[in-house]
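# Understanding the architecture of this molecule
Given next are the chains, with one letter for each unit.
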Amino acid sequence: MKTPDRDMSLQVPRTTKERYSSLCSDDELLDDDEPTLWQDEVLSNLQGSVYLPKSGRLAQATKEDSSQLAAVIKMGWLDKNPPQGALYYQRRWVKLDVDYLRYFDNDKEVYSKGIISTAFITNVSSVGELKFEVVTNNRTFIFRAENEAERNDWVTVLQDCTRGRKPRNTMSPGSPLAPDFQGNLELRGLRSKLYTVVALDKVFLYKNVEDYRLGVGITSIEMNVGNVKETDRRTFDLTTPYRIFSFIAESEQLREQWVEAMRDAIGEALSNSEVADQIWMEPSNSLCADCGASKPEWAAINLCVVVCKRCAGEHRGLGPSISKVRSLKMDRKVWTEELIQVFCLLGNERVNSFWAANVPPSEALTPSSCSDERRRFITHKYRQGKYRKYHPLYGNQRELNNALCINVQCSDVLETVSLIFCGADVNCSTGMASWPSPLSLANAHSQPLQAELISHNLNTELPRSEVGGDMEALHYSPQPCVSYNGFLFKTASMARAITEHKSREEFSRRWCTLNDGTFSYYESDKNSNPNGSLKATEIVCLAVDVHEKHGYDHTFELCSESERLYLFGTDDPDSHKEWVKSIAKSLIPASAEPLLRLGFERIGRLKCKDGLNLQTSKVGWFALVGSTLHAYLGDNQGEEIHLRKLNELSIQQDNEVLVLVEKGRTLYIEGERKLDFAGWCSAIQAAAGRGGDTLSQQQLTETDIPVIVHSCIGYITQCGLTSEGIYRKSGVNSRVAALCEKFRCDARSVRLREGEHQVDDVSNTLKRFFRELEEGLFTSKDASTWLNTAAIQDESMKISQYQLLFKRLPRVNKATLQALINHLYCVQRFSELNQMNLHNLAIVFGPTLFQTDGKDYTAGRAVEDLIQFYTLIFEVDEQQLKKQLEEITVIIQVREKLNMKFPSTEPGGHFICTVYLEEKKDTAEQHVKIPGSMTAAELTCEVLDRRNIPVKDKEYWSCWEVSEKEEMERPLHYQERVLPILHAFGTDSNLLIKKHLAMDMMILYLASKVDASKHGNMKFREERSILGLGLSSGSFHDRYFILNSNSLRMYKEIRSNRAEREWPVKNLKVYLGIKKKLRPFTCWGLTVVYESKKQEKSEKQQWYLCCDTQSEMREWYATFLSIQYDGDVWPQDGLKQTRVNRVMPTDTRHGNVSLIPLRGSENEMRNSVAAFSQDPLALFRDVR
Ligand SMILES: [Zn+2]
């Protein structure tokens, strides 16, 4: 089989002279003879680096260039006069946007030959003969247009663009383009050093520092397509799809700083610009509402203004009760469709017609205003409302409220802004019982934009013009102060967790006060000097104890930043409640204010990271309520983490990080301080494990089935379907009770293993679970209706009544019932083997599920109906069911085979399979025994050892899953278990051991990346079957993809706002190669298999991605791999360790053969197989 990866050779770019000379060969930069010299050097340095050739696709490449995202005002061909005054003109492609005038060799070039900051242009004028000049402080650029009209147009737009701005003489530190890092840097091959500036998401190259100060440079590099990699002690490469810039820093230390700065710039660039693009669609939003700076990337979402970074800083100083500052690029969550619409509808210009209706010219800001000026202006504008346009009803509260209630029913959002910020109360009563607040009124009248605006202003402090001169102090004032005082009983503070019971005698009565953000306790209310005090900002956690934990009925603990624990108590529940409320209020910031409304057990702050940004941790505000962890992370909106539905909860890195894995994302909570962290960990673990007595209180799978039900069914399907009298025979009572208890404590941690758990114990655990379930599976309310339905004579009437009842069940009951009946249906289909036919099963499960005494057969009849009419009542896909039954048949056959091949002598039993070496032919055949624990790396070593093939360095021998029919193949990850792959195989697939030729480059590529993410264009095609005949249709279409740690998202094009499709990366299986029949555009394609569960039905999709180049394909593939295996794509020491391990006695490692469960994601399959090999005895020890 021919695959793209056989080809190992690098695509060394076939470069043209023009490309390399284009950047710097301009007369302004170099002497005439130099370009040739540095060209060659650049070329020679390209060898060996991961180079992304452009291979004649310039036009497309230019399209992707995000500098185009900055709105181009005008572009076209012009002749440019070289500054030295030579007579000839050079033809240049010239582009103008708000910030820069750039000129290029041609219209396909991405990197300019020259870039002039418009802020430095002092004059633009026509100078005869179709010419015009652009004057900066130290230079005059002369351009010549093709005709008079063109020339005049250029002059007009350029003048427009520079008019009204105070031209700057030099780049000051406070300029909008405040650099993150700058200095001299040698570009390889160039004799002189370039003055290089890293600013936000761009890197600028200047000839020298003077040019930088005067705003005239060579080019800017958009870092969204950049990639930085150290190459040697002082050198590093900045790689973009269009060019490699090889830099040499002045020292190793400086090199590190450059690399870091440039990687930050990439991070900045990659933060999504979708929202910004949409918001800037409204033209006035592309200038800061306060100072007029261009492309403002921040917004005050309650004030409805888009502002620049510097103004945003001052907004933040006002506090979130006045201005809720969010980034257009980073705070994606807050940007709902409605909020974006509000901003597009209003726009800075309209909203300023309210906020800035009366700005004296002397007070107005410009993009170059200093921080003091900004602070003064922004305080006047929003805190005091000094410049606002007063509403005619200003001062008349009732009328304002009335007007607000009326106005929110229509679409005039600007009027609402005006009303709110002139004093209308957004929480006022509408006088209508069904819609008591303006917010509900807006919703009721389908005014989502009004509702959105109001919702961001529910707690806004209104402008107060009476605020006097003492502005600065108020400026940074914390939360509105809470004060409360009273007597509490206190124990001595401690530096460890309070685990023991504290009796009343250990408490002393103290007068406590909470005032000005300080909690203090005094000997008595007569004393004026406190015994001790804690600033609210020092309190990191407040925990409410369960009643009567200590001598006083109601107690709470405070944990301080300096790791001390304070215990307070009282017998008065009201006082306790009030204290908890007040203290919480004083420590929680306004941005996390909704947490205060919860009945929390624990509240406070913790450092954390999540999937979006693993580099930097942020402060999160958390509250634990029952089994839900409420969190406010960074500037984001609140979210809820359902602890019982976590895929994983573990403490890692020596008890320093609590890892919560949910569907689609991972949250890392860091133990910044030991004491409160330990408290959180145990509380969260208890909350996640604590199973209640009803169905919905159980730990659940992603498809809402209790983990206990899922595990038991999975186990019985694997090991118990041929067991005679399954579900009728009773297990050993003590073992069943122990198993039930283990599931009750933490169902997720229970691993059922053949040989350690008896089939009858497991089946009875499942039965007991249903029998003892509070409310029952059918709910106590409806159970009798279900039973009555069984008596209905007319079959179709009966079925539709069951369907009706099924639809009425709560979500979890529904999922559980369907899973259980599906299982019972399968059990009775194999009744020849297990003797449990429909009737037998119904006799057992009727009384169990309906929790009756079983004296009559009513309950049994109902269950019999459910199983008998399973496909009708649950509207089951027959094809799906047929497949499921086939899989079970395979499992049963495999088990029989194993039992015959390896009778009692070898209790584990193995699976023998054929593996090929290098190619599929008889002579290359190997028969290998595959134990359940065997990894791809172990299988690879086994085969290589047999053939005495040594493994050299940089040889990436892998085990491949090859499908001839689909013309695709996939190198198994080295840790992947082989057995489940074999079980899932079709007859047209086989295992092949061969070298992974592209692995070296993939590792190099990944090493050069800051994080595993990638975006770009690919061609997409979906497998669509016509009329279920299996004929595929459709064709390849261009799509834009973004792949990050959570998901692969597909957009119609780069500027699309909404993803057309989104897939969780971990559920994707990516193969190399595409069937030729599908006519892919290039041979560099990927076949992607996606397995998901939709409404309890598993669904398998297959689709294709086609890349332009081989290296593109490798990069995508490498990124997928890195994400799926958390960066661990190849063992650090090659296969050495694997080879060593394999020689060791394997008895203990090879457990029983494990068969894949029929349900569950691939990961679950892997886990279940992995579980057999880890420590087969661990569970055994617990079960007596
Ligand atoms: Zn601004």
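As the structure is a prediction and not an experimental result, all values here were calculated from the model.

### Some points on the overall build of the protein
Assigned secondary structure in the protein consists of 35 helices and 46 strands. Within the protein, buried positions represent 55% of all 1184 residues. In the protein, of all internal contacts separated by at least 6 residues, the share reaching a separation of at least 24 is 61%. About 52,300 Å² of surface is accessible on the protein, with carbon and sulfur atoms providing 48% of the total.

### Section: the pattern of salt bridges
Taken as a whole and assessed by the stated rule, the structure comprises 54 salt bridges. Residue arginine 504 pairs with aspartate 571 through a salt bridge whose shortest N-O separation is 2.7 Å. On the criterion of sequence distance, the pair formed by arginine 504 in the loop between β19 (484-490) and β20 (508-515) and aspartate 571 in the loop between β25 (565-570) and α16 (573-587) is long-range, its members being 67 residues apart. Aspartate 1126 serves as the salt-bridge partner of lysine 1066, at 3.3 Å between the closest nitrogen and oxygen. Here the residue lysine 1066 occupies a position in the loop between β43 (1061-1064) and β44 (1068-1072), and aspartate 1126 occupies one in the loop between α32 (1110-1124) and α33 (1136-1143), the gap between them amounting to 60 residues. We classify lysine 1066 as partly exposed; its relative accessible area is 36%. Exposure remark for aspartate 1126: the relative accessible area of 65% places this residue in the exposed category.

### Brief notes about the sheet that holds strand β9 (residues 194-199)
In space, the seven strands of this open sheet follow the order β12-β10-β9-β8-β15-β14-β13, with antiparallel pairing throughout. Pairing within the sheet leaves two strands with one partner each, and these edge strands are β12 (219-222) and β13 (227-230). For this sheet, the mean inter-axis angle between neighbouring strands, taken without regard to orientation, is 35°. Pairing of strand β10 (residues 202-206) with β12 involves four bridges; the strand directions are antiparallel. Pairing of leucine 205 across the sheet is with threonine 219, part of β12.

### Section: the confidence of the model for the protein
Scored by pLDDT, the protein has a mean of 79; 81% of the residues are at 70 or more. Across residues 466-480, where pLDDT falls below 50, the model places 18 contacts with residues more than four positions away in sequence or in other chains. For the stretch residues 901-910, pLDDT sits under 50, and the model shows 15 contacts to residues farther than four places along the chain or on other chains.

### Examining the coordination of the zinc ion
Summarising the metal site, the zinc ion is bound by the protein donors Cys288 (SG), Cys291 (SG), Cys308 (SG) and Cys311 (SG), whose distances to it range over 2.2 to 2.3 Å. Coordination at the zinc ion is tetrahedral, judged from the four donor atoms that bind it and the angles of 103 to 117° they form at the metal. Residue classification places cysteine 288 among the buried positions, given a relative accessible area of 5%. A relative accessible area of 8% places cysteine 308 in the buried class.

### Regarding the pairing of strand β7 (residues 140-144)
Burial along β7 is one-sided: the residues Phe141 and Phe143 are buried and none of Thr140, Ile142 and Arg144 is. When strand β6 (residues 131-136) meets β7, the two strands line up antiparallel, connected through five bridges. Counted as the bridge partner of glutamate 133 is isoleucine 142 from β7. In textbook terms, the turn of a hairpin is the stretch between consecutive antiparallel strands, and for β6 and β7 this stretch comprises three residues.

### Topic: the nonpolar core
The tendency in soluble globular proteins is for nonpolar side chains to be buried side by side. Core analysis: the biggest nonpolar cluster contains 68 residues, and Tyr727, Trp786 and Leu817 have the highest contact counts within it. Leave out the neighbours within four places in its chain, and leucine 817 touches Leu777, Phe778, Trp786, Phe806, Leu809, Leu866 and Phe874. Core analysis: the second largest hydrophobic core is formed by 62 residues, Cys913, Leu991, Met1002 and Trp1130 among them.

### So, the side chain of glutamate 133
Relative to the helices and strands, glutamate 133 resides in strand β6. Buried charge glutamate 133 goes without a salt bridge, the closest partner of opposite sign being lysine 131 at 8.7 Å.

### With respect to a negative patch on the surface
Taken together, the side chains of Asp180, Glu256, Glu260 and Asp264 make up a negatively charged region of the molecular surface. Overall, the relative accessible area of 46% leaves aspartate 180 in the partly exposed class.

### What about the sheet that holds strand β16 (residues 298-300)?
Read from one edge of the open sheet, three strands run β17-β16-β18, paired in antiparallel fashion. Sheet topology places β17 (305-307) and β18 (325-327) at the edges, where each strand pairs with a single neighbour. Averaged over neighbouring strand pairs, the angle between their axes works out to 30° when direction is ignored. Contacts from helix α8 (residues 309-318) reach β16, β17 and β18, with the element oriented near 120° to β17. Relative to β17, helix α9 (residues 337-355) is tilted by about 90°, and along the sheet it contacts β16 and β17.

### Observations regarding helix α23 (residues 811-829)
Structurally, the α-helix is built with 3.6 residues per turn, so residues lying three or four positions apart point the same way. Here α23 is 19 residues long and its end C-alpha atoms lie 27 Å apart, about the 27 Å a rise of 1.5 Å per residue gives. For α23, the buried fraction is high: 16 of the 19 residues fall into the buried class.

### Digging into the packing of α8 against helix α10 (residues 371-383)
Their axes nearest at 9 Å, the elements α8 and α10 cross at an angle of 55°. One finds that α8 runs oblique with respect to α10. Read as a crossing pair, α8 and α10 show a hand that is right-handed. Where α8 abuts α10, its residues Arg310, Cys311, Glu314, His315 and Leu318 lie against Ser371, Arg374, Arg375, Ile378, Thr379, Tyr382 and Arg383.

### Some words on the packing of α9 against helix α14 (residues 448-455)
To describe two helices that pack against each other, one gives the angle between their axes and the distance between the axes. Axis separation between α9 and α14 bottoms out at 9 Å; the angle between their running directions is 95°. Comparing their axes, α14 and α9 come out roughly perpendicular. Facing α9, whose interface residues are Glu338, Leu339, Gln341, Val342 and Leu345, α14 presents Pro448, Leu449 and Glu452. Of the residues that constitute the contact of α9 with α14, the class distribution is five nonpolar, one polar and two charged.

### Remarks on the packing of aromatic side chains
Evaluation of the coordinates by the stated rule reveals 43 aromatic pairs. Ring centres 5.3 Å apart and planes at 80° place the aromatic pair tyrosine 111 and phenylalanine 245 in the edge-to-face group. Here tyrosine 111 is found in the loop between β3 (100-104) and β4 (114-117), whereas its partner phenylalanine 245 is found in strand β15 (residues 243-248), with 134 residues between them in sequence. Here tyrosine 111 matches phenylalanine 245 in class, with each residue buried. For the ring pair phenylalanine 181 and tryptophan 258, a centre distance of 4.8 Å and an interplane angle of 90° mean the geometry is edge-to-face.

### Let's talk about a positive patch on the surface
Together, Lys883, Lys965, Lys1077 and Lys1100 line one region of the surface with positive charge. Looking at the element boundaries, lysine 1100 is found in strand β46 (residues 1097-1106). Judged by its relative accessible area of 53%, lysine 1100 falls in the exposed class.

### A few points about the environment of arginine 768
Secondary-structure assignment places arginine 768 in helix α20 (residues 759-772). A residue is classified by how much of its surface remains accessible, and arginine 768, at 24% relative accessible area, is partly exposed. Between the alpha carbons of arginine 768 and cysteine 740 there is a distance of 8.0 Å; along the sequence they are 28 residues apart. The contacts of arginine 768, once residues within four sequence positions are left out, are Asn733, Val736, Ala737 and Cys740. Polar contacts involving the side chain of arginine 768 include one to the side chain of asparagine 733, which spans 2.7 Å.

About the thresholds
- Residues numbered from 1 in each chain as written.
- Predicted model: local features only at pLDDT ≥ 70, side-chain atom pairs only at ≥ 80, totals over all residues.
- Heavy atoms only, no water.
- Helix = DSSP H or I, 4+ residues; strand = E, 2+ residues; numbered from the N terminus.
- Buried < 20%, exposed > 50% of the residue type's maximum accessible area, 1.4 Å probe, protein only.
- Contact = heavy atoms within 4.5 Å.
- Areas by Shrake-Rupley, 256 points an atom, 1.4 Å probe, with all protein chains shown as cover.
- Salt bridge = Lys/Arg side-chain N within 4 Å of Asp/Glu carboxyl O.
- Pairing = 2+ DSSP bridges.
- Axes fitted to C-alpha atoms, helices over the stretch in contact; angles between N-to-C directions.
- pLDDT = per-residue confidence, 0-100.
- Donors = N, O, S within 2.8 Å, 3.2 Å for Na, K, Ca; no water.
- Tetrahedral: all angles 85-135°; square planar, octahedral: opposite > 155°, others 65-115°.
- Core = buried A, V, L, I, M, F, W, Y, C linked by side-chain atoms within 4.5 Å.
- Lys, Arg positive; Asp, Glu negative; His and termini not counted.
- Patch = residues over 30% accessible without salt bridge, like charges linked within 9 Å, V, L, I, M, F, W, Y side chains within 5 Å.
- Charge placed at Lys NZ, Arg CZ, Asp CG, Glu CD.
- Expected span 1.5 Å × (residues − 1).
- Parallel < 35°, antiparallel > 145°, perpendicular 65-115°, else oblique.
- Left-handed = near helix turned anticlockwise from the far one by under 90°.
- Nonpolar A, V, L, I, M, F, W, Y, C, P; charged D, E, K, R; others polar.
- Phe/Tyr/Trp six-rings, centres within 6.5 Å; stacked < 30°, edge-to-face > 60°.
- Polar contact = N/O pair within 3.5 Å; in protein donor to acceptor, adjacent residues only side chain to side chain.

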